[in-house]
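Now for the letters of each chain:
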Amino acid sequence: AEEVVALLRAHYVPGRSLAEAFAGVLATIFADEGLILFDPRDPRISALAAPVYRRALDDAAAIEKSLAGRSAALADAGLDEQIPIRDGCSLLFFHARDAVGPRFRVRTGARWSLSGSDEHLAEADVRAALERDPLRFSTSALLRPIVQDTLLPTAAYVGGPAELSYFAQLGPLYDHFGLPQPLVIPRARFAFVDAPTRRRLGQLGLTANAAVRPRAELLPRLATGTTAAGPDPAALRRQVAEQIAPAVAEVTRAALEANADLARAAARTRASVAHALEKFVTRYARERHERDGVVSSRLDKVHRALLPGGVPQERFFGWPTLAARVGAATLKRLVFERLAAEPFPTAAQELST
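Remember, predicted model here, so these are calculated numbers, not experimental data. Residue indices follow the written sequence of each chain, beginning from 1 at its first position. Whole-chain, interface and lining totals are the exception, using all residues; otherwise, since this is a predicted model, local features are given only for residues with pLDDT of at least 70 and side-chain atom pairs are given and counted only at 80 or more. Remark: hydrogens and water are excluded; side-chain values derive from all non-hydrogen atoms of the structure.

## Let's talk about the overall build of the protein chain
Part 1 of the argument: Along its length, the protein chain carries 16 helices and eight strands.
Part 2 of the argument: Just to be clear, the radius of gyration here is over C-alpha atoms, and the globule rule we use is 2.2 Å times residues to the power 0.38. On C-alpha atoms alone, the protein chain measures out to a radius of gyration of 29 Å, which is more than a quarter above the 20 Å that the 2.2 N^0.38 rule sets for 353 residues.
Part 3 of the argument: Structurally, the protein chain occupies a C-alpha span of about 90 × 60 × 40 Å along its principal axes.
Part 4 of the argument: Buried, partly exposed and exposed residues are distinguished by accessible area as a fraction of the type maximum, computed with a 1.4 Å probe on protein chains only: under 20%, between the cut-offs, and over 50%, respectively. For the protein chain, the residues scored as buried account for 35% of the 353 residues in total. Each helix corresponds to a stretch of at least 4 residues labelled H or I by DSSP, and each strand to a stretch of at least 2 residues labelled E; elements are numbered beginning at the N terminus.

Quick look at the structure:
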């Protein structure tokens, strides 16, 4: 912890912006790898991005229409729109007063204004500001990839779940700007599993990925605790399969021999009995394990470790929290070792010491 705190204190100092401090920490951690950090909030970069900004203003109505069409298509496919489209707004923000002032989305149309502000601007003034000081403009989440891929042509984009989901909205925008859309690759996700949590996972017969399922879903499937009373749910299911199901089948078969018109009713009866018995046994298993304080307590502790606050660790902890347990260099080594074995895993990877 002292090592990590010292690293943060060396960079998060008065007079340095949050972006500069964050970049300094990352550059220090990844000094051996030569990680390149790119800050777009630079006058030279904004000048290069100005043509994209200008087109975003010129074609705001057409862009909004195409994005709305994609949103409707996603809805028809049963998918959610990650980033809502704002009626009458461009994909550009304007920084009031100067480049470091508060930013407001530019609302275009018959009368230009700043969304969320009482201030109205003449279209000519906005365009003059873009020519004179493009750093007073910045991108929304949907326009940012377009600027990024205009300045630095991108083969593949590696991102988290939320970032990747809004790439489903971007097809029309890439087409509008004449850019090829890059491949989209899910980034690796990790779960830090300490020794007590690993021991409890072993006792429960679970992996870290399996353990993050909802509690009500897990309890009926857990290994039987020593304090649990009553028959094993697995034995009850075997009894249903070996005794009750054949008996029901025999009853319906006999009835069908007398009246073949009952075929559909017989099938529904067999399915209904099977469903009702499975529902009953599942409830019995869940409540049996609920009464088993040992199993229930272990699962609660595992959930608190792997799902702090009810969310994955990566959405609850900043990296310093986890690095402080083992050191920044060790945490980086653990991550790199897992990525060397599986560069683009689909499930969260376990990190432990």
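## With respect to the side chain of Asp149
Part 1 of the argument: Along the chain, the position of Asp149 falls in helix α6 (residues 144-151).
Part 2 of the argument: When charges are tallied, Lys and Arg are placed among the positive residues and Asp and Glu among the negative ones, while His and the ends of the chain are skipped. Think of a salt bridge as a Lys or Arg side-chain nitrogen and an Asp or Glu carboxyl oxygen that are within 4 Å of each other. Buried Asp149, no salt bridge; nearest opposite-charge side chain is Arg144, N-O distance 7.0 Å.
Part 3 of the argument: Two N or O atoms form a polar contact when they lie within 3.5 Å of each other; inside protein one atom must be a possible hydrogen donor and the other a possible acceptor, and for residues adjacent in sequence the pair counts only when both atoms belong to side chains. Polar side-chain contacts of Asp149 include one of 2.6 Å to the side chain of Tyr174.
Part 4 of the argument: With residues up to four places along the chain from it excluded, the contact list for Asp149 reads Thr154, Tyr174, Leu179 and Pro182. A contact between two residues is defined here by any heavy atoms of the two lying within 4.5 Å.

## Digging into the environment of Arg132
Part 1 of the argument: Residue placement: Arg132 occurs in helix α5 (residues 123-132).
Part 2 of the argument: The spatial distance from the C-alpha of Arg132 to the C-alpha of Ala47 is 9.5 Å, given a sequence separation of 85 residues.

## Comments concerning the pattern of salt bridges
Part 1 of the argument: With the rule as written, the count across this model stands at 14 salt bridges.
Part 2 of the argument: Where salt bridges share partners, they join Asp58, Glu123 and Arg127 into one cluster.

## Section: the nonpolar core
Part 1 of the argument: Within this scheme, the nonpolar core is defined by two criteria: the residues are buried Ala, Val, Leu, Ile, Met, Phe, Trp, Tyr or Cys, and they are joined through side-chain atoms within 4.5 Å. Membership of the largest hydrophobic core comes to 35 residues, with the highest contact counts inside it found for Phe137, Leu142, Leu143, Ile146, Leu173 and Phe177.
Part 2 of the argument: At the level of secondary structure, the elements contributing two or more residues to this core comprise α3 (43-58), α4 (60-76), β1 (89-95), β2 (103-107), α5, α6, α7 (161-167) and α8 (171-176).
Part 3 of the argument: Excluding anything up to four places from it in sequence, Phe177 contacts Val52, Arg55, Ala56, Ile63, Leu143 and Ile146.
Part 4 of the argument: Counting 13 residues, the second-largest nonpolar core is a separate cluster that includes Leu201, Leu204, Ala211 and Leu222.

## Observations concerning the sheet that holds β2
Part 1 of the argument: By definition, two strands form a pair when at least two bridges between them are found by DSSP. Strand order in the open sheet made by the four strands is β3-β2-β1-β4, with antiparallel pairing throughout. Looking at strand neighbours, the two that pair on one side only are β3 (113-115) and β4 (137-139), the edges of this open sheet. Going across the sheet, the axis of each strand differs from the next one's by a mean of 45 degrees, ignoring polarity.
Part 2 of the argument: Pairing geometry for β2 and β3, over three bridges, is antiparallel. Among the inter-strand pairings, Val106 is bridged to a residue of β3, identified as Leu114. For helices, the axis comes from a line fit to the C-alpha atoms of the stretch in contact; other axes are also lines fit to C-alpha atoms, and the angle between any two N-to-C directions lies between 0 and 180 degrees.

## What to know about unusual backbone geometry
Part 1 of the argument: With a phi angle near 70 degrees, Arg97 is a residue other than glycine that sits in the positive phi range.
Part 2 of the argument: When you line up the elements, Arg97 lands in the loop between β1 and β2.

## Notes on the side chain of Arg200
Part 1 of the argument: Residue placement: Arg200 occurs in helix α9 (residues 195-204).
Part 2 of the argument: One buried charge, Arg200, has no salt-bridge partner; the nearest side chain with opposite charge is Asp194, at 5.7 Å.
Part 3 of the argument: Contacts of Arg200, omitting those with residues within four sequence positions, involve Arg298, Lys301 and Val302.

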